[in-house]
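Each chain, letter by letter, is given below.
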Number of protein chains: 2
Amino acid sequence: MSKGTNEDFLAGLAAVTGPGNVLTAPDDILPFLREPRDLFRGEALAVVRPGTTQEVAEVVRHARAAGIAVVPQGGNTGLVGGQIPDASRPMVVLNLQKLDRIREVDALTDTMTVEAGVTLLRAQEAAEAADRLFPLSLASEGSCTIGGNIASNAGGTAVIAYGNTRDLVIGLEVVLADGRIWNGLGKLRKDNTGYDLKNLFIGSEGTLGIVTAAVLKLFPRPQGRATAFCGLSSPQAALDLLALAKAEAGGAVTTFEFLPRLGLEFVLRHAPGTRDPLGEPHAWYVLMELSSAAEAGLDDAMERILTAALERGLVDDAAIAASLDQRNAFWKLREALSEVQRHEGGSIKHDISVPVALVPQFLEEAAAAAEALVPGCRPLPFGHLGDGNVHFNVSQPVGADKQAFLARWEAMNEAVHAVVLRHGGSISAEHGIGRLKRDLLPAVKDPVALDLMRKLKAALDPESLLNPGAML
Amino acid sequence: MSKGTNEDFLAGLAAVTGPGNVLTAPDDILPFLREPRDLFRGEALAVVRPGTTQEVAEVVRHARAAGIAVVPQGGNTGLVGGQIPDASRPMVVLNLQKLDRIREVDALTDTMTVEAGVTLLRAQEAAEAADRLFPLSLASEGSCTIGGNIASNAGGTAVIAYGNTRDLVIGLEVVLADGRIWNGLGKLRKDNTGYDLKNLFIGSEGTLGIVTAAVLKLFPRPQGRATAFCGLSSPQAALDLLALAKAEAGGAVTTFEFLPRLGLEFVLRHAPGTRDPLGEPHAWYVLMELSSAAEAGLDDAMERILTAALERGLVDDAAIAASLDQRNAFWKLREALSEVQRHEGGSIKHDISVPVALVPQFLEEAAAAAEALVPGCRPLPFGHLGDGNVHFNVSQPVGADKQAFLARWEAMNEAVHAVVLRHGGSISAEHGIGRLKRDLLPAVKDPVALDLMRKLKAALDPESLLNPGAML
């Protein structure tokens, strides 16, 4: 594109959103072109920040007419680079943070209609203000947006009880690749009048349409909670504890997160104010929380579960939170885990899942594979045991060279993913594909599934204007 | 197609499935060409009954080569004619009942892999044999099949706690329109590696692909249950009771069905062995059940809910089941409802949903609209209050001519659906579109959504070989 048309294009954008919402100066757009792990640095003609769904549609139509691709972006917290444009062709970043209205909270119907740019935290708070729970919860909730959560089908720590983002969305408003707006913002729990368009856009990483608003499910706010931090000898013991807890408390098991001793050590070493709730070290730990709309009975249920687990030798020791402060302290041990790893040098990340029952076997084989590749490396698998979702991260050997270790990223991925695939697992359980794992996809995805995906992309975005280079 | 090619085609089918599985004699195929309400009578060259996924794929390829359309069929219990071929072009019925293997029950991963022709009842029993619950439950469960449940995204009486069929499916195996097999039978709770193909096929009524097997979610089997039959003065009181029950018992509210006095009268009159559990008549009734994996506490919770409801005037009287026999008797009052209506003459059916909070207003306006159209008609709205899903059926006036009343079917639909649409509702909450509501769709569906549906159909079945005339 010639410089002249480029300026025309930018002027057209400014006419849609106002000139203050079209950023082009390198310093202004830089924060939108880097992401949390600094794995990707993007290039863009501009960052445009529309304030309404209509403006989003107009930006898309304008970009389409000029042949410029559009990369939708929310809070820019994604971990696979799906929100960062690459240099393959001229692109603009369409940042949705200004679509930040909570359009409605309907406590009677247990729904909330929010725009894409609302942060997850604000959505949680709006639900709470209406005495309801919006259960999605993840590390970046202060800055990630509902639109990004939907585009990536975010998971987090409450999936075991409430499901992924997909399970929390009732309706969507989407700007399509041709600039039309699909208004699917119904508040119905049941509607069998045609294909499920909603789930096609959820998790599509902005490659099929741009989510501008959503109707979200609300739940009764938990009145009762019981939280325990348990020490165990093995992942299998943790799985058996989970089965016991589900048999005893069913849907009240709302958190079941696990981490190894190494993870707790990293946290105790690097996260100020943390302490080990248990007297002796244990090989593995589980953070288990029960919660329920009813106030009564949860402490008793937790007591019953832990007594039975101690008797059966599933749990070696456990502490039950006696106060809100103690609960928060337990949670901090889990939540600090993502952050503290960087203090221990390089860390190679995986976000995998296997069928729940196969997690112990996977952990053993994946650790052996990592050790075989880089002797002395320190596997730090943690995460959402109840979903079969393990963040199988691997920290560098103590004292090793960080860059030399990180240079093994792809080889390590390959070794770990080979174990994943042997167990019928997924190489991206909750973070998505984006640009980070795009080139891995053809090797791991069923070819028929991949062909169907390409057909769907061609049907909904024939000119490949939306987030080209992400996912496919 | 000439007679000669026709015979070649049938011979080709027989070569795939064996001649005994290709039915062509009118008496043999008749049962597959009529449906429960006898609203549709189909025409077909043959009914073919493959026994394996491979055979399904070969049948599809063979039909495609001959230009013959394929109508997938399970237990032939669908209520909108989606499983019945029409006369618009040459078709075969591909009946899946011989794909009836339960391939695996994995109690550790809480999944079950079953073929499309397994009846819902057999799937429930297989789960129970492994001490698990498969919660989907509907009137036709003895004969409807898992494949049909998935193709129609079946609802039923447990949606309030466990969701629709869509929410119970983890993986799918699908034969595509070109005869390829998509193996998506993973057992993963989380997998963000691409577009959500699964949900595209679920609820697509066999128009995008033929489901041949599925991985289904299993749940802990309820150990404790408490069941109450409540008399109330209004739908609003029922909604308030639901909110109270959810606040008190959360996810343990697994049934919340409602019916009017007229419904109970029909049942008492026509279903042998039924009796009114309450001393006095009430305008409305709710069947409420709590169930939970834990044995303890549900009777107490039910007592607390009903005591509070009686105090607040939400419930006028209630009976709690004191035995399994009594529980079954309460359930029979609800379950007999579908069948008894025919004893009271003609009945015009609707399967609608509105946002939950709007149900009372909808009921009032829809009853007025029906009465305005046919004075003396008897609205009998019942169903799944917690999902906003009302089977707004209308029985003929006492002593009126049945055929004359049924002749008003479309006019009645129009009047009731107009009220539905005013309340942001759906004209098919759980039964689907099929052939019965296909021509209504363009008038009620968002045109952008309808256009997206057509694009998806064209992308996945460009020759329109799969169930042409259903849905679109």
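- Naming follows an unreviewed UniProt entry, where chain A appears as FAD/FMN-containing dehydrogenase of Chelatococcus caeni.
- Per UniProt, chain A has the following entry under Cofactor (unreviewed entry): "FAD".
- Quoted straight from UniProt, the Sequence similarities (unreviewed entry) entry for chain A says "Belongs to the FAD-binding oxidoreductase/transferase type 4 family."

### Quick notes on the UniProt feature "domain: FAD-binding PCMH-type" (unreviewed entry) in chain A
Logical step 1: Residues annotated by UniProt as "domain: FAD-binding PCMH-type" (unreviewed entry) correspond here to residues 40–221 of chain A.
Logical step 2: Strand forms 26% of residues 40–221 of chain A and helix 21%; the C-alpha atoms that close the span are 39 Å apart.

### Some points on the packing of aromatic side chains
Logical step 1: According to the stated counting rule, one finds 12 aromatic pairs over all chains in the structure shown.
Logical step 2: Site record: aromatic cluster; members linked through ring pairs are A:Phe229, A:Tyr285 and A:Phe330.

### Looking at the packing of helix α8 (residues 235–249) of chain A against helix α10 (residues 298–311) of chain A
Residues and elements named next belong to chain A.
Logical step 1: Taken N-terminus to C-terminus, the directions of α8 and α10 make an angle of 145 degrees; their axes are 10 Å apart at the nearest point. The two elements α8 and α10 meet at a crossing, and its hand is right-handed. Along the contact surface, α8 presents Leu241, Leu244, Ala245, Glu248 and Ala249, while α10 presents Ala301, Arg304, Ile305, Ala308 and Ala309.
Logical step 2: Grouping the amino acids of the contact of α8 with α10 by side-chain chemistry returns eight nonpolar, no polar and two charged.

### Some words on the interface of chain A and chain B
Logical step 1: Chain A puts 73 residues into the contact, and the matching count from chain B is 73 residues.
Logical step 2: Buried surface at the junction of chain A and chain B, both sides included, amounts to about 5800 Å², of which 60% is carbon and sulfur.
Logical step 3: Sorting the residues of chain A by area buried against chain B places A:Lys190, A:Asn192 and A:Tyr195 first, and these three jointly supply 18% of that buried surface.
Logical step 4: Our count for the chain A to chain B interface comes out at 10 salt bridges.
Logical step 5: Two residues, A:Lys190 and B:Glu430, come together in a salt bridge whose shortest N-O distance is 2.8 Å.
Logical step 6: Counting every contact that joins chain A to chain B gives 32 residue pairs in polar contact (both at pLDDT 80 or more).
Logical step 7: Where the side of chain A that touches chain B is concerned, the elements lending two or more residues are β9 (181–184), α7 (197–201), α8 and α17 (447–460) of chain A.

### Brief notes about the nonpolar core
Logical step 1: In this structure, A:Phe134, A:Leu172, A:Phe201, B:Phe134, B:Leu172 and B:Phe201 are the most contacted members of the largest nonpolar core, which totals 84 residues.
Logical step 2: With residues up to four places along the chain from it excluded, the contact list for B:Phe134 reads B:Met112, B:Leu120, B:Ala123, B:Gln124, B:Ala127, B:Ile146, B:Leu168, B:Leu216, B:Lys217 and B:Leu218.
Logical step 3: Residues B:Val253, B:Val315, B:Ala366 and B:Met412 belong to the second largest nonpolar core, which totals 51 residues.

### Examining the packing of α17(A) against helix α17 (residues 447–460) of chain B
Logical step 1: Following both chains from N to C, one finds α17(A) and α17(B) inclined at 140 degrees, their axes separated by 9 Å at the closest point. Regarding the angle of α17(A) to α17(B), the classification is oblique. Along this stretch, α17(A) crosses α17(B), giving a crossing that reads as right-handed. Of α17(B), the residues touching α17(A) (which contributes A:Leu452, A:Lys455, A:Leu456, A:Ala459 and A:Leu460) are B:Leu452, B:Lys455, B:Leu456, B:Ala459 and B:Leu460.
Logical step 2: Each residue belonging to the contact of α17(A) with α17(B) can be placed in one class, and the counts come to eight nonpolar, no polar and two charged.

Calculation rules
- Residues numbered from 1 in each chain as written.
- Chains lettered and ligands numbered in written order.
- Predicted model: local features only at pLDDT ≥ 70, side-chain atom pairs only at ≥ 80, totals over all residues.
- Heavy atoms only, no water.
- UniProt positions renumbered as here; feature names shortened; annotations may be inferred.
- Helix = DSSP H or I, 4+ residues; strand = E, 2+ residues; numbered from the N terminus.
- Phe/Tyr/Trp six-rings, centres within 6.5 Å; stacked < 30°, edge-to-face > 60°.
- Axes fitted to C-alpha atoms, helices over the stretch in contact; angles between N-to-C directions.
- Left-handed = near helix turned anticlockwise from the far one by under 90°.
- Contact = heavy atoms within 4.5 Å.
- Nonpolar A, V, L, I, M, F, W, Y, C, P; charged D, E, K, R; others polar.
- Buried area = accessible area lost by both parts, 1.4 Å probe.
- Salt bridge = Lys/Arg side-chain N within 4 Å of Asp/Glu carboxyl O.
- Polar contact = N/O pair within 3.5 Å; in protein donor to acceptor, adjacent residues only side chain to side chain.
- Core = buried A, V, L, I, M, F, W, Y, C linked by side-chain atoms within 4.5 Å.
- Buried < 20%, exposed > 50% of the residue type's maximum accessible area, 1.4 Å probe, protein only.
- Parallel < 35°, antiparallel > 145°, perpendicular 65-115°, else oblique.

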